[in-house]
Amino acid sequence: MTVQQSDVLIVGGGLMGSAAAFFLRQRGQSVTLLERDQIGQYASGVNFGNVRRQGRHLGQLELANRSWALWKRLPELIDDDLEFIASGHMRVCYREDEIAELAAYAAAPEARELDLKIYRGRELHERFPFLGPDVKGGSYAPHDGHANPRLAAPAFARAAARAGARIEERTEVSEVQKVGGGFLVSTTDGRQFSAERLLITAGAWGQKLSEQFGEPVPLDTNGPQMAVTEPVPYALPTVIGVYTKIPEEVIYFRQIPRGNIIIGGGYRSKPDMLTRRAQVEPRSILNQIQQMRRLLPGVGNLNIIRVWSGIEGYLPDSLPIMGPSGQVDGLYYAFGFCGHGFQLGPGVGDVMAELIATGSTSTSIEPFSIRRFAGTTAQRSKAS
Amino acid sequence: MATARLNIPSGTAPRVVIVGAGPAGTRCAETLLAAGLVPTLVDENRRDGGQIYRRQPEGFRRDYATLYGSEAHKARALHDSFDRLRPRIDYRPDTLVWNLTPGQLCCVSQGRHFTLDYDALILCTGATDRLMPLEGWQLAGTYSLGGAQIALKAQSVSIGHRVVFMGSGPLLYLVASQYLKAGAQVAAVLDTSPLGKRIAALPKLLARPGLLWTGMKLLAQLCLARVPVHLGIQPVRVLGDAQGGVSLVQVKTAKGDGLDVECDALALGYHLRPETQLADLAGCRLAFDPASSQWLLELDEAGRTSVSGVYAAGDGAKIRGADGAEHAGRLVALALLEDLQQPVNAAELDEQRQALAVMDQFRLGLAQAFPWPSAQAKALPDTAIVCRCEMISAGELRRTVSEKGACEVNRAKAFSRVGMGRCQGRYCSQAGAEVIAAAAGVAVQEVGRQRGQAPVKPLSMLTGEVAP
């Protein structure tokens, strides 16, 4: 049997894997990407489409900034339009003490490049007259925006393929082995692929592979809850999201130039990992309707025409797994982005390519290391 | 027939919900009631009868012969049955089932939301028009045949002064003759199916000689009234403008000559497609039916889906027409009774099964006589709109295949927006699949089918919640 050789083998064709394949080609590495289903099918293609930096873990902003710079250059980089609009992002709240928290975030040195501005009271309602009277304040990020997630991962994969990467869809991995200085991957259709370095970008399935290398992580799976209205004249360019600690109040929306308003947030659903389908919880949609009327009272007579979900991987500290393996040389991870990986996608691809090609990266990714779970999982396996 | 035992906690009555109060739903409810079960019957319409035996709104005074023609006695019989049932069942008209979870329906009625728990669910959700686009069909004044019929039946309104009927299938002739009878000017009946197909299908159509005769009488009436009827035509385009809408329909006759028909409205349709969204959301399997070249629910002979406790009958299950729906409604009720370990009269079961076998033979005859014109999708000009909701052209859809490699319906939808609009793909997804398959050079079943997504119909943001 012939074994397909490449410098780097990527398992998982979401946005992270596709972007990494593209940037690895930029750095002259030969790349094969294996995707069990279709590129960008689960988390990458179904998310809200927020290209948002504000509100992220402060330690993640350096990576988010690097990604933002790439988003700005995307059409020329990948020769494709992902419908990215740097339309501004507004994070609003219903309580005075929450304004103080937003202000503290805006004042943090890490958030300097975001140029955040705090609005409250009359100034807020003059600037955003469509917001409901319950909204007390907000933090405006002028450079953040949104894009079309359905297009992103496939566009990166096509660009990678044009640059010489080998993209194998409908190719399911059956076994991964460390052989000598490299890796040998067998697929269910009986093929074999080998490479010196292996990148796991398998999203909600990432820990199934990390576990095989002795690095289990407590990854949980959730289905995001999304809805879209019929199109109406384009009037709300700013992405709006609610900052709150009450889960029911979490809601965000964006209008696209086509006119539809896309809504997300609220209760998540439990995906069926066997059929690989995630349903929308009807109560989520009813809650979104209620919350939207509070946030945007003018939405009243619109109709929701479609709802959808997907499969996302979450970690208990709401941070991803990203960086080199703590156990195996040549093994790298980028998965479990906890429902906020879309904006990071190009940056993650670029950083992982840099790391894999050069052995280090200029962007801090230490907080996302898989080693942070080494102690807890060791204890857990002792207990069980 | 394999029964599938349903486990109901002892001492409680099974909660049976029927969706749809047309011929199938009504006969199903009647059969269950006769066996001592009290079903809940949910219907989206304000009144019972479904599409075929749609009851006119209160205040309208047309008689049965005017409304239902040769089928008046059947309409009256069904309505009379329903009127007897109505006080004895839990009837919920004007209620949309927009979503479901296992064992629970999500309903909206008059702007209020509520849930209905079920142990057994019988989907009698009917069918809608099957449509094939042509250039210009997005102009105002282009209706589906079913839509044109509803305007007439419900509101006594014609879709235009001078109407062209185009497409294929029994509904083409039925609606044209109903318009004629109502006094509208029928400019032409343009059928894509050539005469030869109909002659070849005669042996199967003779399974129901009475219905075949009714169909021939409709054709004779149209000819007697000097309505131009053309068989074996090829649609070319609809012409008109944004202001005034449709003004001209251009086709090629069977001989290959150009034919222009002036009109101010066009009713279009190629027989029917089943409404399977709820079954799809419930996880029921569908299978490609080569005879009608579309995806149908995978059902046993009696209407059991692949999901325990979920059943289907009527045109939503298989396009066997109104008479077939009445039999299927009764049969599916008997199947449910069997699954509940209740006594079922074997002779009645046999009678319904045999009647349905005849209807199925006729169904195959219709599919042969009035074939779905898949070649039209292949020949559709790049400029023709495929998805009217999102205004996406055939060229754009083809480019998602050729440039982006989307050889599967849901993927092509994600890239192009075809099927993403208000109609949820009801109008365009079958034709879209044909366009994708032709562009990819594969058979239409290879590109899959558009997955059902909630809400089944648009859900108003004004919807308020009420306790279940």
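Residues numbered from 1 in each chain as written. Chains lettered and ligands numbered in written order. Predicted model: local features only at pLDDT ≥ 70, side-chain atom pairs only at ≥ 80, totals over all residues.

> Any chance you could explain the overall build of chain A here in plain terms?
In terms of regular secondary structure, chain A is built from nine helices and 20 strands. In terms of overall size, chain A behaves like a compact globule, its C-alpha atoms giving a radius of gyration of 21 Å where 384 residues would be expected to give roughly 21 Å. With respect to the principal axes defined by its C-alpha atoms, chain A has extents near 70 × 40 × 40 Å. Taken over 384 residues, chain A has a buried fraction of 53%. (Helix = DSSP H or I, 4+ residues; strand = E, 2+ residues; numbered from the N terminus. Rg over C-alpha atoms; globule rule 2.2 N^0.38 Å. Buried ≥ 20, exposed ≤ 12 C-beta atoms within 10 Å, placed from the backbone.)

> In this structure, what is going on with the overall build of chain B? I would like to understand it.
In terms of helices and strands, chain B carries 14 helices and 24 strands. Scaling as 2.2 N^0.38, a compact globule of 468 residues should have a C-alpha radius of gyration of about 23 Å, and chain B matches this with 22 Å. Judged by the C-alpha coordinates and their principal axes, chain B covers about 70 × 55 × 45 Å. By the burial criterion, 53% of the 468 residues in chain B qualify as buried. For chain B, the share of sequence-separated contacts (at least 6 apart) that also reach a separation of at least 24 residues comes to 69%. (Contact = placed C-beta atoms within 7 Å.)

> What is the right way to look at unusual backbone geometry in this model?
Backbone torsion omega between B:Ala454 and B:Pro455 reads -10 degrees, so that peptide bond is classified as cis. In this structure, A:Glu83 takes a positive phi of about 60 degrees despite not being glycine. Within the secondary structure layout, A:Glu83 lies in the loop between α2 (61–78) and β4 (89–93). Despite not being glycine, B:His271 has its phi angle at roughly 65 degrees, a positive value. Looking at the element boundaries, B:His271 is found in the loop between β16 (265–270) and β17 (272–274). B:His271 sits in the buried class, given 24 other C-beta atoms within 10 Å.

> Could you clarify how one ought to interpret the interface of chain A and chain B in this entry?
For an interface, size is often stated in terms of accessible area lost upon the parts coming together. Taken together, the contact between chain A and chain B spans 23 residues of the former and 22 residues of the latter. The set of elements that each furnish at least two residues to the side of chain A that touches chain B consists of α5 (149–162), α7 (282–295) and β17 (303–308) of chain A. Top contributing element to the side of chain A that touches chain B by residue count: β17(A), with six residues. In terms of residue class, the side of chain A that touches chain B is built from 13 nonpolar, five polar and five charged. Judged from the two bridges that link them, β17(A) and strand β23 (residues 459–460) of chain B form a sheet pairing that is antiparallel. (Nonpolar A, V, L, I, M, F, W, Y, C, P; charged D, E, K, R; others polar. Pairing = 2+ DSSP bridges.)

> Would you mind showing me how to read the domain arrangement of chain A here?
All names here are of chain A. Each assigned domain of chain A is listed here: domain 1 (3–47 + 150–218 + 315–383) and domain 2 (87–143 + 221–314). A C-alpha centroid distance of 30 Å is found between domain 1 and domain 2. Each partner contributes residues to the interface: domain 1 has twelve residues there, and domain 2 has ten residues. (Domains from an automatic or database assignment.)

> What am I meant to see in the sheet that holds strand β9 (residues 142–144) of chain B here?
What links the strands of a sheet is backbone hydrogen bonding, and the strands pair in either a parallel or an antiparallel sense. All names here are of chain B. Strand order in the open sheet formed by five strands is β9-β16-β10-β11-β12, and the pairing between neighbours is parallel. Edge strands, defined here as strands with exactly one partner in the open sheet, are β9 and β12 (229–231). When the angles between neighbouring strand axes are averaged without regard to direction, this sheet yields 20 degrees. Relative to β12, strand β11 (residues 185–191) runs parallel, the two sharing three bridges. Across the sheet, Val 189 pairs through a bridge with Val 229, a residue of β12. (Axes fitted to C-alpha atoms, helices over the stretch in contact; angles between N-to-C directions.)

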